[in-house]
Structure formats: C-alpha cells, structure tokens
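The lines below spell out each chain.
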Amino acid sequence: MLYTSLGSKQRILAQKSSKLTKKTIRWLVALSSIPLFGIVTAFGIAPNTPSFEEVQVEEVILDLSIPDVLSETQTNQTFWHQENIRRGDTIAAILNRLDVSNQDSTDFLHAARESRAMRKLRPGKTIYAQTTADGELLTLRYFFGNEELFLMEKTDDEFRMTEQQIELDTQIHMKSGVINSSLFAATDSAGIPNNIAMQLTEIFASEIDFYRDLRQGDRFTVVYETFLNNGKRAKTGRVLAVEFVNKGKSHQAVYFQASNGADGYYTPEGESLRKAFLLSPLTFSRVSSGFTNARFHPILKEWRAHRGIDYAAPTGTPVKATANGIVTFSGSQKGYGNLVILKHNGKYETAYGHLSRFASGLGKGKRVNQGDVIGYVGSTGMATGPHLHYELRIDGVQRDPTKVVLPTAPPIAKRDSNTFQKETQSLVARLNIMRNIHYASLD
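Residues numbered from 1 in each chain as written. Predicted model: local features only at pLDDT ≥ 70, side-chain atom pairs only at ≥ 80, totals over all residues. Heavy atoms only, no water.

(A) Quick look at the overall build of the protein. A count of helices and strands for the protein gives six helices and 26 strands. The proportion of buried residues among the 443 residues of the protein is 41%. Across the protein, contacts joining residues at least 24 apart in sequence account for 63% of those joining residues at least 6 apart. Counting every atom, the protein has about 26,000 Å² of accessible surface; 49% of that belongs to carbon and sulfur. (Helix = DSSP H or I, 4+ residues; strand = E, 2+ residues; numbered from the N terminus. Buried < 20%, exposed > 50% of the residue type's maximum accessible area, 1.4 Å probe, protein only. Contact = heavy atoms within 4.5 Å. Areas by Shrake-Rupley, 256 points an atom, 1.4 Å probe, with all protein chains shown as cover.)

(B) Representation of the packing of aromatic side chains within the structure. This structure, assessed with the given rule, holds ten aromatic pairs. Summarising the aromatic geometry, the rings of F220 and F244 are spaced 6.1 Å apart at their centres and angled 15 degrees between planes, so their arrangement reads as stacked. Here F220 is found in strand β11 (residues 219–229), whereas its partner F244 is found in strand β12 (residues 232–246), with 24 residues between them in sequence. Using a relative accessible area of 2% as the deciding quantity, one classes F220 as buried. In this structure F244 comes out as buried when scored by relative accessible area, which is 0%. For the pair Y266 and F420, a centre-to-centre distance of 6.1 Å together with 70 degrees between the ring planes defines the contact as edge-to-face. Separated by 154 residues along the polypeptide, Y266 in strand β14 (residues 263–266) and F420 in helix α6 (residues 417–442) bring together distant segments of the chain. The same class applies to Y266 as to F420, namely buried. Clustering of aromatic rings is evident, with ring pairs tying together F108, F150 and F159. Note that R141 overlies the ring of W80, its terminal NZ or CZ placed 5.1 Å from the centroid. Of note, R357 hangs over the ring of Y376, and the distance from its end group to the ring centre comes to 4.0 Å. (Phe/Tyr/Trp six-rings, centres within 6.5 Å; stacked < 30°, edge-to-face > 60°. Lys NZ or Arg CZ within 6 Å of the ring centre and 35° of its normal.)

(C) Spotlight on the pattern of salt bridges. Here the structure, examined in full by the defined rule, presents twelve salt bridges. Salt-bridge contacts for E163 lead to R116; the nearest nitrogen and oxygen are separated by 3.8 Å. Of the two residues, E163 is situated in strand β9 (residues 158–165) and R116 in the loop between α3 (102–111) and β6 (126–132); the sequence distance between them amounts to 47 residues. Overall, the relative accessible area of 32% leaves R116 in the partly exposed class. One salt-bridge network, in which partners are shared between bridges, spans E83, D89 and R97. (Salt bridge = Lys/Arg side-chain N within 4 Å of Asp/Glu carboxyl O.)

(D) Structural view of unusual backbone geometry. Even without being glycine, D99 reaches a positive phi, approximately 60 degrees. For D99, the location among the structural elements is in the loop between α2 (91–97) and α3. The backbone of K334 sits at a positive phi, close to 40 degrees, despite the residue not being glycine. You can see K334 is positioned in the loop between β20 (325–333) and β21 (337–343).

The quantities given are spatial measurements derived from coordinates; they are silent on function.
What follows is the structure, given as structure tokens:
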C-alpha cells in the first residue's frame, strides 16, 4: 500500500471506494527497492552489475482513490501571486492573469471604480494578490505614487479598501551569479528578483548584447535595494551598483543622482554608461540577417543589398526606440510593411519594419524616449516569418549600426565629481570584495 502523511495522521491512499473516482496506475517494480520521495542528482553503474535485461520485472496494477479530505484541504489553501503591470494594462486584465474568479473580478472592479491607485497603473510596478484555489480574491496590495499603499482586504464577502502613506525601511542586498545557460536562469538561481535582472540588462544595453554576447562562465555581482513594511518585503527598488564580466572583460556601473536632479549609471571613473543609441531594439533576440551588400532575398529570389539588421523574434515581442527622437513616419510602406521612422538629434534616423502593430498613441510628431516601446514584432510586408528589420540612417544613408561609433552622454559634471566619489566609493568597494571572493574560490 502507498501511504502519505497528512497532518499528524497516516492515511491510506491505496484503498478501494465505490464513492470515489478510481485512477489506474501501472508501475514497473524492480527487485531492488527505490525510495518514493527524494531528489536524485546523479547515478552510476558499478562493475559486474547485471544488465537491465536480466532484472526481473513485474507489472503491478493498483486502484488509487483520492480521499475527500485532500480536496477539502486544497480548497482551503490560499496562494500569493504577483503580476507586473504592462504598458496599456487594465486592472481587469491583471485580475485575469492573477486567476481571480469572474464574480470577484466584477465585484472588485465595481468597488474600486473611484480608486486613485487603480487609475495609476504604472508599467513595471507589481500588484500582489492573495487568492484561494478556486479564485476567490482575499487581499490585493499595490504600492503606487510616492510610497503610497493601496490595500484591499475581503471581510464578510465585502471588499474593504484603503489608500495610505506608509514608511518603508530600506534593505541593501549583494548577490552574485554565474551564467551557465541564460541570464535569467542565473539570476533565479541566485535569488535575484526578475525586475532587478531586467534593470541589469537596461544598464548595460549599450555595452552588452544580452543575446549574442553572453558566454558560459560570464559572471555578475549586483547591489540592489528592497523596501520593507513591518519587516516584510513591500517592493524591490533599484540597482545601486553592478559588475558584469562578459568574455573576460569587466563592466562596472554605479547609480548616481546629480545636483540638478538628473540620475543615471556611470563607470567608477564617472563616465556615463548611457549612449545615444542602444545596441539593439530588442532585449533578447537573434540576428537572422546582418548588414551586407549581397544577400539572396528569400522572396524576390535575387541577390541584393541588405541595408539593415534583421532580428528574429516571436510575433508580439516589444520593439524599443534605440534613442530619443520624434516619429516622422508611422504606417505601411512597400516591402517594409508596418514601419516606424524616428528622427534623432542631428543627422541620425532609425527605421523599424515588418511590425505586427504600433504602440498605442504612436503617430507622426510623437516624441519618444530611448527604451520606449514603439511597436511589436510581426511579419508584415515582404517577410517570410516574424522578425524586426532595423536600420540606422546617417544623412539619409543606411549604415551598419554594429560598426558605427555613436556618441555617448556627458560624464559627471565637475561640480558633482567630489560628491560622486564619496557616494559611490562604498558601492565600488562592495563589487571589488565580491570579485576577490570569486577569484579566491577558483584558487
């Protein structure tokens, strides 16, 4: 018989019952016993061990019944979920992703129709919800504005809501990781929140192509802040300092806010990491066609120049403006399909083709900032599959963006240099300590 522990009592699961649904399970039982529960990390075969063909195998058929007490226990369980707010999100869409029942979603939307917080759904922020297994909404928390908390708690089948100013305690974390398969696998393994990982990619977006440049063995150290309310984590803050060693080259960045209020990330020497143009309009993608004077066109079936870079990505992948600019064209244009053209400072333009759709509110004359989503990957126009066609134009001529030296933002102003050194010295010291610990572990 198969036993499981439930609370302090032993209950038999493998019992026949005409009242319960029976599930037939077939086991292959070898002569040697195998533990029912555990994690196997590796195994080997000792010398002179009989082959698998020599092991006696017997087929055992058991009818397993599921006791009512299990379903009752699962029904009474509650779960905490979290959802990041996306551009264009509505609270109804977020409740749907949180698996809140239709009835509670309707009741909540009605109760929160006058809520100031629900009208301030800011992309990148997180909504936390506690639900039961059947989707009943019990609690919902959302930190919005300037350290303000929206709190909904369900009491006697009624949603009670408050919006209040709160004081949060700051906690500094320092964690490291090594790339074995992907960046997010490494950050997950190190216990680093996803939005910190995303900040890391944005900080080095002009230094590292996180799809093409990552190598196994690359490593990183990140110093970041979280905010606590009554000892419990309320939200994740920003990256304060980070080092990323890619292909043996160290990239360091520290956060600093200047006396004029402008903030950003700089090298320890005070050079800005923000360049006028990002390396790629997509965070994670694959280059399917590079810039070349001779490429066999898959549709036209002829050799012709390819004056841009194609990034293969699933339909609907967000496309970002690689630099601050103004929309000069947004529409359909011949082989480009749905196309956006941005005019940047001076002689620079960028073009984004084959889009499935445009970002909401995008139109001619619209001003966009570097990193803003302007559209979504598609296969409109002369495209054999979903991808983004990206062009950098200088004085109206397409140029290879991987070979053009582009301007950077100005370094720390002289009036802020002393303050910068004082405020960032301890952050750089933390990064250096972690680097030394890593190298010492290799000896």
